[in-house]
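Chain by chain, the residues:
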Amino acid sequence: MASSSYNCAKPQISHPLSSASSSTVHLGHSPTSISWNSRQPNRTHNIRIIHSALHSPSVLHFPKQPYQNPLIPIEDDSVNVQVQPKTHRHPQWNLLQRAAAMALDMAESALVSLELQHPLPKTADPQVQISGNFGPVPEQPVKQALPVTGTIPSCINGVYLRNGANPLFEPVAGHHFFDGDGMVHAVTIDNGNASYACRFTETQRFLQEKELGRPVFPKAIGELHGHSGIARLLLFYARALFGLVDHKQGTGVANAGLVYFNNRLLAMSEDDLPYHLRITPSGDLETVGRYNFDDQLKSTMIAHPKIDPFSKELFALSYDVIQKPYLKYFKFQPDGTKSPDVEIPLSMPTMMHDFAITENFVVIPNQQVLFKLQEMIFGGSPVIFDKKKKSSFGILSKNASDSKDIIWVESPDTFCFHLWNAWEEPESDEVVVIGSCMTPPDSIFNECDESLKSVLSEIRLNLKTGKSTRRPIISESEQVNLEAGMVNRNRLGRRTRYAYLAIAEPWPKVSGFAKIDLFTGEVKKYIYGHKKFGGEPFFLPRDDNCESAEDDGYIISFVHDENSWKSELQIVNVINLQLESSIKLPSRVPYGFHGTFIDAKSLINQA
């Protein structure tokens, strides 16, 4: 069992300009540098060594620098980029609103001055969180006829899409990688020809900030810590009170998940409703709008809904960090009809990033990472690891109308940020869950001394005895961090032999992917190469015939070369782990989150 003893420092929020000096970022491994016009030219030139985002063992060397608004460079591939000056635009405000805006801006300036006195933790420092290829890029309209090396398999026709965080504006204070605005990257493949486009998902938050010309919505992870986090919330709701911003239409960034359901592509983050995107005939992307399933969905939806490959139903959760019920379960029929909410009894708001389904059940993790907003009063983070809480999994019938028959099975000291699959084994009265168990559990959110470790594990939940067991699937000698990936989606919820997971080494970069035999623990690795890093490996079956071999298909992944500063889409044959083809992309693709593939036949019926 993984140990949970570690030392986490309480994060403090400061301003990224607190010790800014130079106006040039040098990333060491990259030939590209970006120049900002410094707002504090009199500070002494100072070089420091910091760890890359989220406690990577790799080290970046670069001078400290101020960010200038907007953050995205005009030409991403130029050597020295001058960024446009900051501009604040005022919509049609009346005199009272203008006066309120001026007063609140002054209050924010005073808050920033106080924040300058404290250093930022790595988990909230923009110079760490969005350095190198974690940094944002501008939108790209469709570029056709991309260069292809090798041969794209004839069975691959459609669009590969991947979501990610891509901040439009300079972080005013702290910034976590998860806080960025949602951007979707799309590669369309049509009979061996390929095109590329990337577009922001135009959330309500994005549209309002774009109109104002500045960030005004609080960043949920990077800013909302301690007393300054409380102050930022008060400032935001004061602006809302005077009609300077509108939070009632949603505050989410839609930067994490993607799912194609009921002929709609949905972009999601767990803090809002999904957003409906449309793929144009040319391969471009456009935002249709915030989507509530024809007024059926009244609450947020997590970014990892599950589609049963046999029933075609979509299953989802919604959690609330402020008031009960803290968690709700619901499902949608293939035609988009929603079931009534099932309230899941939780005594405290738990972070619920993912869950799993089996043939008959939903598997709900109730783990030890909690939302405790009162911690901000004492200067801490609202996301905490509670050692006293016992982690468990709830097993609930997919068709449940209430939660009275839910079975809770304890699984001590288990925290899985993602669950890759689950299935039933009736002969032993067990539900088997496959997930990556992470320690320290909250290290993604709070700065910790202990290095992050993510162990692929098999967790067995006995529904008769209420007991559980957990074992690492890979031998200790071959242990690597495995985070982000999937199983064959045609077999989701059923017993699967293989998982395809990102090798998150050096954390949080992805140096390749692994094909893991879940029964034997055998690991076969595909490594991208020197200074090449990717993201989530997306497994695309050769066909939708469930009778074909489970591993008969291809891994699709964006790969970035930090030597040349160029990006490509790689297509790898999973049977022999050989590169079939690569598509050279016209611009850089940052490291991101989760993706999906929509075949050409499905696109014909797109809503």
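Residues numbered from 1 in each chain as written. Predicted model: local features only at pLDDT ≥ 70, side-chain atom pairs only at ≥ 80, totals over all residues. Heavy atoms only, no water.

Novice: Please explain helix 3 (residues 204-212) as it appears in this structure.
Specialist: Along an α-helix, residues three or four positions apart point the same way, because every turn accommodates 3.6 residues. Among all positions in helix 3, only Arg205, Phe206, Gln208, Glu209 and Leu212 are buried. Against the buried residues of helix 3 lie strand 9 (193-200). Two residues or fewer past helix 3, Gly213 is found with a positive phi of approximately 75 degrees. (Buried < 20%, exposed > 50% of the residue type's maximum accessible area, 1.4 Å probe, protein only. Helix = DSSP H or I, 4+ residues; strand = E, 2+ residues; numbered from the N terminus. Contact = heavy atoms within 4.5 Å.)

Novice: Help me out: how do you make sense of helix 4 (residues 226-241) in this one?
Specialist: Taking 1.5 Å per residue as the helical rise, helix 4 with its 16 residues ought to reach 22 Å, and the 23 Å between its terminal C-alpha atoms agrees with that figure. Among the residues of helix 4, Gly226, Ser228, Gly229, Arg232, Leu235, Phe236, Arg239 and Ala240 are the ones counted as buried. With its buried residues spanning 140 degrees around the axis, helix 4 presents them on a single face. Across helix 4 from its buried face, at more than 90 degrees, point the exposed residues His227, Leu234 and Leu241. The inward-facing, buried residues of helix 4 abut helix 1 (95-115). (Expected span 1.5 Å × (residues − 1). Arc of directions from axis to C-beta.)

Novice: So what exactly am I meant to see when it comes to the side chain of Lys509 here?
Specialist: Along the chain, Lys509 falls in the loop between strand 29 (498-503) and strand 30 (512-517). Separated by 3.1 Å, the side chains of Lys509 and Glu562 make a polar contact. (Polar contact = N/O pair within 3.5 Å; in protein donor to acceptor, adjacent residues only side chain to side chain.)

Novice: How do you make sense of a nonpolar patch on the surface when you look at a structure like this?
Specialist: Together, Leu96, Leu241 and Phe242 make up a nonpolar patch on the protein surface, roughly 340 Å² of accessible area in all. The residue Phe242 is located in the loop between helix 4 and strand 10 (257-261) in this model. Take Phe242: its relative accessible area is 33%, and that puts it in the partly exposed class. (Patch = residues over 30% accessible without salt bridge, like charges linked within 9 Å, V, L, I, M, F, W, Y side chains within 5 Å. Areas by Shrake-Rupley, 256 points an atom, 1.4 Å probe, with all protein chains shown as cover. Salt bridge = Lys/Arg side-chain N within 4 Å of Asp/Glu carboxyl O.)

Novice: Can you walk me through the pattern of salt bridges in this structure?
Specialist: Two side chains that carry opposite charge are able to pair once their charged atoms sit near each other. Summed over all chains, the structure comprises 27 salt bridges. The shortest N-O distance in the salt bridge between Asp105 and Arg239 comes to 2.9 Å. Pair noted here: Asp105 is in helix 1 and Arg239 is in helix 4, with a separation of 134 residues, a long-range link. The exposure class assigned to Asp105 is partly exposed, which follows from its relative accessible area of 22%. Taking the relative accessible area as the measure of exposure, Arg239 reaches 5% and is therefore buried. In this structure, the salt-bridge partner of Arg290 is Asp272, at a minimum N-O distance of 2.8 Å. A residue pair is termed long-range when its members are at least 10 positions apart, and Arg290 in strand 13 (residues 285-290) and Asp272 in the loop between strand 11 (264-268) and strand 12 (275-279) qualify at 18 residues. Owing to a relative accessible area of 33%, Arg290 belongs among the partly exposed residues under this scheme.

Novice: Before we go on, may I ask you to explain the UniProt feature "binding site: Fe cation" (unreviewed entry) in the chain in this structure?
Specialist: Those residues carrying the UniProt feature "binding site: Fe cation" (unreviewed entry) are His304, His353, His418 and His594 in this numbering. Across 291 residues in sequence, these annotated residues keep their C-alpha atoms within 12.8 Å of one another, forming a single compact spot. Ignoring sequence-local partners within four residues, the contact set of His353 consists of Glu270, Ile302, His304, Phe417, His418 and His594. Polar contacts involving the side chain of His353 include one to the side chain of His304, which spans 3.1 Å. As for its placement among the helices and strands, His418 is situated in strand 24 (residues 416-425). Look at His418 and you get buried, because its relative accessible area is 5%. (UniProt positions renumbered as here; feature names shortened; annotations may be inferred.)

Novice: Would you explain the side chain of Glu424 in this entry?
Specialist: By the element assignment, Glu424 lies in strand 24. Of the side chains with opposite charge, Lys398 lies nearest to the buried Glu424, which makes no salt bridge, at 6.8 Å. A polar side-chain atom of Glu424 sits 3.3 Å from the main-chain amide nitrogen of Glu359. (Lys, Arg positive; Asp, Glu negative; His and termini not counted.)

Novice: Explain the sheet that holds strand 15 (residues 314-319) here, please?
Specialist: Whether parallel or antiparallel, the strands of a sheet pair through hydrogen bonds between backbone atoms. Read from one edge to the other, the open sheet built from four strands follows the order 14-15-16-17, with strand pairing classed as antiparallel. Of all the strands in the sheet, just strand 14 (306-307) and strand 17 (342-344) have a single pairing partner and so form its edges. The pairing of strand 16 (residues 327-332) with strand 17 spans three bridges and is classified as antiparallel. For Leu327, the partnering residue across the bridge sits in strand 17 and is Ile344. (Pairing = 2+ DSSP bridges.)

Novice: I would appreciate a short explanation of the pairing of strand 28 (residues 482-486) in the present structure.
Specialist: Both faces of the sheet carry side chains from a regular strand, because those side chains alternate between them. For strand 28, the tally of buried residues reaches five of five residues, placing the bulk of the element in the interior. Pairing of strand 28 with strand 29, which is carried by three bridges, proceeds in the antiparallel orientation. The partner of Met486 across the bridge, within strand 29, is Tyr500.

Novice: Would you mind going over unusual backbone geometry with me for this structure?
Specialist: The phi angle of most residues is negative, glycine excepted, and most peptide bonds adopt the trans form. Put simply, Lys324 and Pro325 share a cis peptide bond, and its omega is -5 degrees. The topology assignment puts Pro325 in the loop between strand 15 and strand 16. Of note, the amide linkage connecting Trp507 to Pro508 takes the cis form, showing an omega dihedral of 5 degrees. Assignment of secondary structure puts Pro508 in the loop between strand 29 and strand 30. At Asp413, a position not held by glycine, the phi torsion is positive, near 55 degrees. One non-glycine residue, Asp429, lies in the positive phi region at around 60 degrees. Inspection of the secondary structure puts Asp429 in the loop between strand 24 and strand 25 (430-439).

Novice: In this structure, what is going on with the environment of Ala173? I would like to understand it.
Specialist: Structurally, the position occupied by Ala173 is in the loop between strand 7 (158-165) and strand 8 (182-190). Taking relative accessible area as the criterion, Ala173 reaches 0% and is therefore assigned buried. For the pair Ala173 and Glu223, spaced 50 residues apart in sequence, the C-alpha to C-alpha distance is 6.5 Å.

Novice: Would you take a moment to explain the sheet that holds strand 24 for this structure?
Specialist: With respect to topology, four strands assemble into an open sheet ordered 24-25-26-27, the strand pairing being antiparallel. Each of the sheet's edge strands pairs with one partner strand only, and the pair in question is strand 24 and strand 27 (468-472). Taken pair by pair, the neighbouring strands of this sheet meet at an average axis angle of 25 degrees, ignoring direction. Inspection of the sheet shows strand 25 paired to strand 26 (residues 453-462) by 10 bridges, in the antiparallel sense. Opposite Val433, over in strand 26, you have Ile459 as the bridge partner. (Axes fitted to C-alpha atoms, helices over the stretch in contact; angles between N-to-C directions.)

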